[in-house]
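# Tertiary structure, described
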Amino acid sequence: MTTTLVCFPLSVGQLRPWREGDEESLVRHASNRQIWNNVRDFFPYPYTPRDAHSWVRSNKSYQQPNNLAVEVDGKAVGNIGFTVKDDIYRYNAEIGYWVGEEYWGRGIMTEAIPIMTDYIFKNFQLNRIFACVLEGNTASMRVLTNAGYQQEAIHRKAAVKNNQYLDEYIYAILRAEHRELKSSISTR
């Protein structure tokens, strides 16, 4: 099975499916304590070549990928993806993302989140996309707000990271809000 070519241009690179050969760059950028401090614990730290090989292998064969590499200068330097939930939450998806520390502050996720949000709503029967952001990650909160996501809740001391209880901020956008946002942008 081959991956349908799903590529989206960014001003500094592109979003594209993961592929063999991305492992070395993935290890270089993902094995960073500053990144790990802001993601879930299932994201390995340190990030090993074995972790990278497993990630690339598990994400390169989807017809409609739910994880895309953030590519800059021909190298995979981050990821943006989503997980569709189940049961009574089956019309919800959780979006998540990271980019290598040397690329912070360049507007990459400011571009990538609206693109991925649009991709999700166009290709999946979902009503709501949400993100969970750990306390202190104000850059991520700002990027989500700029993409039209609204802060819905603060789960007080709901997460544990580095043996500390942290607040978890929930941001979300509904399909109708996304449609309205796109409509207002196209009429400007």
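Scope of this entry: the structure provided in the associated data block. Quick caveat, the model's predicted, so the values are computed rather than measured. (Residues numbered from 1 in each chain as written. Predicted model: local features only at pLDDT ≥ 70, side-chain atom pairs only at ≥ 80, totals over all residues. Heavy atoms only, no water.)

## Examining the sheet that holds strand 5 (residues 92-99)
With respect to topology, eight strands assemble into an open sheet ordered 1-2-3-4-5-6-8-7, the strand pairing being mixed. Only two strands of the sheet have a single neighbouring strand rather than two, namely strand 1 (8-10) and strand 7 (150-161). The mean angle between the axes of side-by-side strands here comes to 25°, regardless of whether they run parallel or antiparallel. (Pairing = 2+ DSSP bridges. Helix = DSSP H or I, 4+ residues; strand = E, 2+ residues; numbered from the N terminus. Axes fitted to C-alpha atoms, helices over the stretch in contact; angles between N-to-C directions.)

## Digging into the packing of helix 4 (residues 108-123) against helix 6 (residues 175-186)
Helix packing geometry: the angle between the two helix axes and the distance between the axes. Viewed as axis vectors pointing N to C, helix 4 and helix 6 meet at an angle of 120°, and their least axial separation amounts to 11 Å. The orientation of helix 4 with respect to helix 6, classified from their angle, is oblique. The handedness of the crossing between helix 4 and helix 6 comes out as left-handed. From helix 4, T117, D118, F121 and K122 reach across to helix 6, where they touch R175, H178 and K182. Looking at the contact of helix 4 with helix 6 residue by residue, the class counts come to one nonpolar, two polar and four charged. (Parallel < 35°, antiparallel > 145°, perpendicular 65-115°, else oblique. Left-handed = near helix turned anticlockwise from the far one by under 90°. Contact = heavy atoms within 4.5 Å. Nonpolar A, V, L, I, M, F, W, Y, C, P; charged D, E, K, R; others polar.)

## Things to note about the layout of surface pockets
The space that makes up the largest pocket amounts to roughly 1300 Å³. Lining the largest pocket we find 49 residues, and of these N38, V39, G96, Y97 and W98 sit closest to its centre. Those elements that place two or more of their residues in the lining of the largest pocket are helix 2 (33-36), helix 3 (49-59), strand 4 (75-84), strand 5, helix 4, strand 6 (128-134), helix 5 (138-146) and strand 7. Looking at the lining of the largest pocket, its residues break down into 25 nonpolar, 15 polar and nine charged. Estimated volume of the second largest pocket: approximately 160 Å³. Among the secondary structure elements, those contributing two or more residues to the lining of the second largest pocket are helix 4 and helix 6. Of the residues contributing to the lining of the second largest pocket, the split by class is five nonpolar, three polar and two charged. (1 Å grid on protein atoms, 1.4 Å probe; cavity = no way out; pocket = protein on both sides within 12 Å on 5 of 7 lines; lining within 4 Å. Points joined across faces, edges and corners; volume = space filled by probe spheres on them.)

## Here we look at the pattern of salt bridges
Applying the stated rule across the entire model yields 14 salt bridges. Here R28 ties to E102 by a salt bridge, and the two come within 3.1 Å at their closest N and O atoms. Taken as a pair, R28 in helix 1 (residues 23-30) and E102 in the loop between strand 5 and helix 4 lie far apart in primary sequence, 74 residues in all. With a closest N to O distance of 3.2 Å, K122 and D118 form a salt bridge. Taken as a pair, K122 and D118 lie in helix 4 at a separation of four residues, close to a single helical turn. Linked by salt bridges that have partners in common, R16, R19, D22 and E71 make up one network. (Salt bridge = Lys/Arg side-chain N within 4 Å of Asp/Glu carboxyl O.)

## A closer look at helix 1
With six of eight residues buried, helix 1 lies mostly within the body of the structure. Burial in helix 1 covers these residues: E23, S25, L26, V27, H29 and A30. Among the structural elements, helix 2, helix 3, strand 4 and strand 5 are those in contact with the buried residues of helix 1. (Buried < 20%, exposed > 50% of the residue type's maximum accessible area, 1.4 Å probe, protein only.)

## Comments concerning the pairing of strand 2 (residues 13-16)
Regular strands show a simple pattern: their side chains alternate between the two faces of the sheet. Pairing of strand 1 with strand 2, which is carried by three bridges, proceeds in the antiparallel orientation. Within strand 2, the position partnered with L10 by the bridge is G13. Sheet topology note: the strand 2/strand 3 (residues 67-72) ladder contains four bridges and is antiparallel. Bridged to G13 within strand 3 is V72.

Take it as geometry only, folks, not as evidence of what the structure does.
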